[in-house]
Amino acid sequence: MGEQGLILNISEAPVKSYKNVQKSQPVRKWEKFKALTRNKSKDASEAPPPPKRPAPPLSPKLHGKKAKADVIPRKVPAGRSEERPKGGRPPIKTSSLFKNNPELPDIERLEVKQLQEKVFSSDSFSDLGLHPHLVATLTDVLAMSRMTSVQKMTIPALLSGRDAMVRSQTGSGKTLAYGVPLVQALQEVTPKIQRSDGPYALILVPTRELALQSFSIIQKLLKPFMWIVPGVLMGGEKRKSEKARLRKGINILISTPGRLVDHIRSTKNIHFTHIRWLVVDEADRILDLGFEKDLTAILNALNAQSERRQNVLLSATLTQGVTRLADISLHLPVAVSVTADPCSEPMLEVTSPWSSELRTFRALLSQNGFFSTRWWFPCDLKPKMIVFFPSCELVEFYHTLLSNVLHLQQREGDKAVFLRLHGGMKQEERTDVFQQFSGARAGILLCTDVAARGLDLPQVTWIVQYNAPASAAEYIHRVGRTARLGTHGNSLLILIPSEAEYIQTLVNHKISVSEIKMEEILSNLLLEDFLVIRRGKKTGTSDPQAVRERATVLQTKFEDYVHASAETSLSAKKALQSYIRSYATYPKNLKHVFHIRSLHLGHVAKSFGLRDAPHNLSQQLAGNPKKQKAMKNKRSDGHKTLRTKQRFSDLLTSEFSSGLPPKPKKMKMPQSIDKTS
Ligand SMILES: Nc1ncnc2c1ncn2[C@@H]1O[C@H](COP(=O)(O)OP(=O)(O)OP(=O)(O)O)[C@@H](O)[C@H]1O
């Protein structure tokens, strides 16, 4: 459909409530419609009036609702009359994004005393009595002159042989806070460490990308100490090649917990007789992900084979759950917290000490306007943006859709690209994307929470959260991918009106967010010439009608793409289903905020480029009903149907899995810890 050929039916002012919508007169609408299309085309004035539609739903409930669409006449460009079908023009459906939306509620601005952390200290690495080659690597190779506050507090404690529990803001340099003393200690070991000795240090991280990143930092620190060999085990790689590397010998082993447990069980060549360090980075996340059993197995293996070792737990958010791990793994630990007033701030409270250079926003969007709005923010020049989604399906769907439909403007010669990262991708592809985005000056990375923790992606200017994360801790870590080490950054959390109470959850954790109005977000559309429908018409920077027109053109482009083939529309439906399912994964304490009943299926469907709310969604996605029936019978013949909860937990852990086939169901995991060290 040519964009020039569209005539849009866009209401001049947002409808205030459902009540008002019911009262509106079809005749008045037709008058408005005529006024809008006047002088545009003779054909248009001859078009029949829009058909009378049933009243919109009064309550925004999920079941049986249909998205609204306006039927408008097609304006055919001059010289293309042969394309007109006999008997008049076929109607074209366009979205009415700005109709039938309930009024957006005002959220009271809640005062929050945000915690502040000073990022840098005035001390340098050379003050610590480190090996001169290590200092030279830090200052000359890594170009770091001063220590950060967390490094200043942690490094001396670890050099003195203490265990530590470390909390400091995201992007404050925690990796070097443990990496520097670790390398300093291992290069001092006499006689010199041999490769064949096996691991002296074990670093556990929750994701594969973080494993790679930590490996690369440790590798840099080890440049002057070539006899110490680092190695990474992270799933997604061939087990055989990992076994071979283990056989040759790895002295600093960086791994995700699941993969390590797998090797502990199945690889003969892995032993921990020399282990002296255990580092658990993102400790709270490792516990969240259900890796507790894996951690127990790892601790038991270490305790059985080694004597006293140093243990370090780190995160920007150390939660209560970590105390259990601290109890079983730490020996008289030093508690490092860089927050300005540590006395008033309990160490294990999820709060957000943040850089003053970070601006955090939230926007309330009507469910209906959700779609276009989400995509046009913040289209500043050359954005380097990460957008978080609740599931792999959503990432896949939006990545395909946006890459195909949006021609991000090559303003100033910079083409923004869409990248994707989630747990369902092959490891090589994940690594490629991670490296590509890391090195890019601009781009938009669509991802799941697999990228929320620890990743140090330089110069990210915006974080957008398509969905609210399930906890304040995850909010902090997602946002923490920007404004690292005192640099500037922005974040936006997108909510629909029924989710407004989520703000209180953030406030309870001392997280403050400012409001951005939906109109402000949409006004970015005025920068985009490819959405112009009336050439030659000058638009001001705040012309609400022009903004609505462009939002509607954009939405129509999305809908046209989705409805172009059975395949694209099926993937939209799958994504919609996945979004609805993601609602069921919110924890109990947030169920009242994220209730599936508050979703208006018709409006949500539009966010997926679907013109109407699909009927019998789950049946459509299940495919052939005969096959379905056969499956049902099979299950009733003895195969247990997966319980919903289990399916969701499988979905979540698959994001962070070891990449290996599932463990045999009946295997008993060791529950007790031998606290021998
Ligand atoms: N002393 C320093 N001087 C300059 N840059 C530093 C210093 N220490 C660390 N950095 C840089 O700061 C960035 C953030 O470090 P790092 O990833 O270790 O932060 P983090 O606290 O672990 O973050 P997160 O909580 O998100 O995992 C990295 O690019 C790192 O190279």
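Residues numbered from 1 in each chain as written. Predicted model: local features only at pLDDT ≥ 70, side-chain atom pairs only at ≥ 80, totals over all residues. Heavy atoms only, no water.

(A) Representation of the UniProt feature "domain: DEAD-box RNA helicase Q" (unreviewed entry) in the protein chain in the model. The sites that UniProt annotates as "domain: DEAD-box RNA helicase Q" (unreviewed entry) are residues 123-152. Taken end to end, residues 123-152 comprises 47% helix and 17% strand; its first and last C-alpha atoms sit 7 Å apart. (UniProt positions renumbered as here; feature names shortened; annotations may be inferred. Helix = DSSP H or I, 4+ residues; strand = E, 2+ residues; numbered from the N terminus.)

(B) Focus on the site of the ligand. Around the ligand sit 21 residues in total, of which Gln151, Gly171, Lys174, Thr175 and Asp456 are the nearest. In this structure, an oxygen atom belonging to the ligand sits 2.8 Å away from a main-chain N or O atom of Gly171. Here Arg481 contributes a side-chain N or O atom positioned 2.9 Å from an oxygen atom of the ligand. Look at the ligand: alone it shows 640 Å² of surface, and the protein chains cover 87% of it. If you list the elements that add at least two residues to the shell around the ligand, you get strand S4 (146-148) and helix H6 (174-188). Taken together, the residues of the shell around the ligand break down into 6 nonpolar, 9 polar and 6 charged. (Near = heavy atom within 4 Å. Polar contact = N/O pair within 3.5 Å; in protein donor to acceptor, adjacent residues only side chain to side chain. Areas by Shrake-Rupley, 256 points an atom, 1.4 Å probe, with all protein chains shown as cover. Nonpolar A, V, L, I, M, F, W, Y, C, P; charged D, E, K, R; others polar.)

(C) A look at the state of the cysteines. Overall, the coordinates contain 0 disulfides when judged by the stated rule. The thiol sulfur of Cys447 is not disulfide-bonded, and the nearest other cysteine sulfur, from Cys392, lies at 11 Å. Under the relative-accessibility criterion, Cys447 is labelled buried at 0%. (Disulfide = S-S within 2.5 Å. Buried < 20%, exposed > 50% of the residue type's maximum accessible area, 1.4 Å probe, protein only.)

(D) Broad picture of the confidence of the model for the protein chain. With 64% of its residues at a pLDDT of 70 or more, the protein chain has an overall mean of 74. Scored below 50 in pLDDT, residues 409-413 shows 11 contacts in the model against residues more than four places distant or in partner chains. Between residues 630-677, whose pLDDT stays under 50, and residues either more than four places distant or in other chains, the model counts 68 contacts. Reported confidence for the predicted complex is 0.99 by ipTM and 0.76 by pTM. (pLDDT = per-residue confidence, 0-100. Contact = heavy atoms within 4.5 Å.)

(E) Fine view of the nonpolar core. Residues Tyr398, Tyr502 and Phe608 are the most contacted members of the largest nonpolar core, which totals 64 residues. When residues of this core are assigned to their parent elements, the largest contribution, 7 residues, is made by helix H14 (residues 392-405). Within the second largest apolar cluster, 62 residues are counted, among which are Met234, Val338, Phe388 and Met425. (Core = buried A, V, L, I, M, F, W, Y, C linked by side-chain atoms within 4.5 Å.)

(F) Local environment of the side chain of Asn303. Take Asn303: it is sitting in helix H11 (residues 292-305). For Asn303, a relative accessible area of 7% translates into the label buried. Only 2.9 Å separates the side chain of Asn303 from the side chain of Arg309, close enough to count as a polar contact.

(G) Inspection of the packing of helix H7 (residues 208-221) against helix H15 (residues 427-439) at higher detail. The geometry of H7 relative to H15 is characterised by a closest axis approach of 10 Å and an angle of 60 degrees between their N-to-C directions. As judged from the angle between their axes, H7 and H15 are oblique. Helix-helix and strand crossings are classified by hand; for H7 and H15 the assignment is right-handed. In contact with Arg208, Glu209, Leu212 and Gln213 of H7, H15 contributes Gln427, Arg430, Thr431 and Phe434. Class assignment for the residues of the contact of H7 with H15 results in 2 nonpolar, 3 polar and 3 charged. (Axes fitted to C-alpha atoms, helices over the stretch in contact; angles between N-to-C directions. Parallel < 35°, antiparallel > 145°, perpendicular 65-115°, else oblique. Left-handed = near helix turned anticlockwise from the far one by under 90°.)

(H) Fine view of H6. Look at H6: 22 Å from first C-alpha to last across 15 residues, which is about the 21 Å you get at 1.5 Å a residue. The buried count for H6 comes to 13 of 15 residues, which makes it a mostly enclosed element. (Expected span 1.5 Å × (residues − 1).)

(I) Main features of the sheet that holds strand S6 (residues 201-204). If you walk across this open sheet you meet the 7 strands as S7-S8-S6-S9-S10-S5-S11, and the pairing is parallel. Single-partner strands in this sheet number two, and they are strand S7 (230-233) and strand S11 (334-337). Going from strand to strand, the sheet's axes swing by 15 degrees on average, the running direction of each strand aside. Against the sheet, helix H12 (residues 321-329) contacts strand S5 (164-167), strand S9 (277-281) and strand S10 (310-315), and its axis sits at roughly 170 degrees relative to S10. (Pairing = 2+ DSSP bridges.)

(J) A look at the side chain of Glu499. With respect to the element layout, Glu499 can be found in the loop between strand S17 (489-495) and helix H17 (502-508). The exposure class of Glu499 is buried, given its relative accessible area of 4%. Glu499 has contacts with Ile494, Tyr579, Tyr583, Val593 and Phe594, leaving out every residue within four places of it along the chain.

(K) Fine view of the environment of Leu406. Checked against the element boundaries, Leu406 lands in the loop between H14 and strand S14 (418-421). For Leu406, a relative accessible area of 6% translates into the label buried. Distance in space between the C-alpha atoms of Leu406 and Val417 is 10.0 Å, their sequence separation being 11 residues.

(L) Molecular detail of the environment of Thr137. Relative to the helices and strands, Thr137 resides in helix H4 (residues 132-141). The spacing of Thr137 and Val417 is 280 residues in sequence and 35 Å in space, taken between C-alpha atoms.

(M) Up close: unusual backbone geometry. The step from Thr190 to Pro191 runs through a cis peptide bond, and the omega angle for that step is -10 degrees. Inspection of the secondary structure puts Pro191 in the loop between H6 and S6. Even without being glycine, Glu282 reaches a positive phi, approximately 55 degrees. Structurally, the position occupied by Glu282 is in the loop between S9 and helix H10 (283-288). Judged by relative accessible area, which is 5%, Glu282 ranks as buried. Unlike most non-glycine residues, Leu332 shows phi in positive territory, near 40 degrees. Relative to the assigned elements, Leu332 resides in the loop between H12 and S11. Taking the relative accessible area as the measure of exposure, Leu332 reaches 63% and is therefore exposed.

(N) Expanded view of the pairing of strand S8 (residues 252-255). Where burial is concerned, the two faces of S8 agree: the one with Ile252 and Ile254 and the one with Leu253 and Ser255 are both buried. Relative to S8, S6 runs parallel, the two sharing 4 bridges. The partner of Ala201 across the bridge, within S8, is Ile252. Here S7 pairs with S8 via 4 bridges, running parallel. Looking at the pairing, Gly231 lines up with Leu253 of S8.

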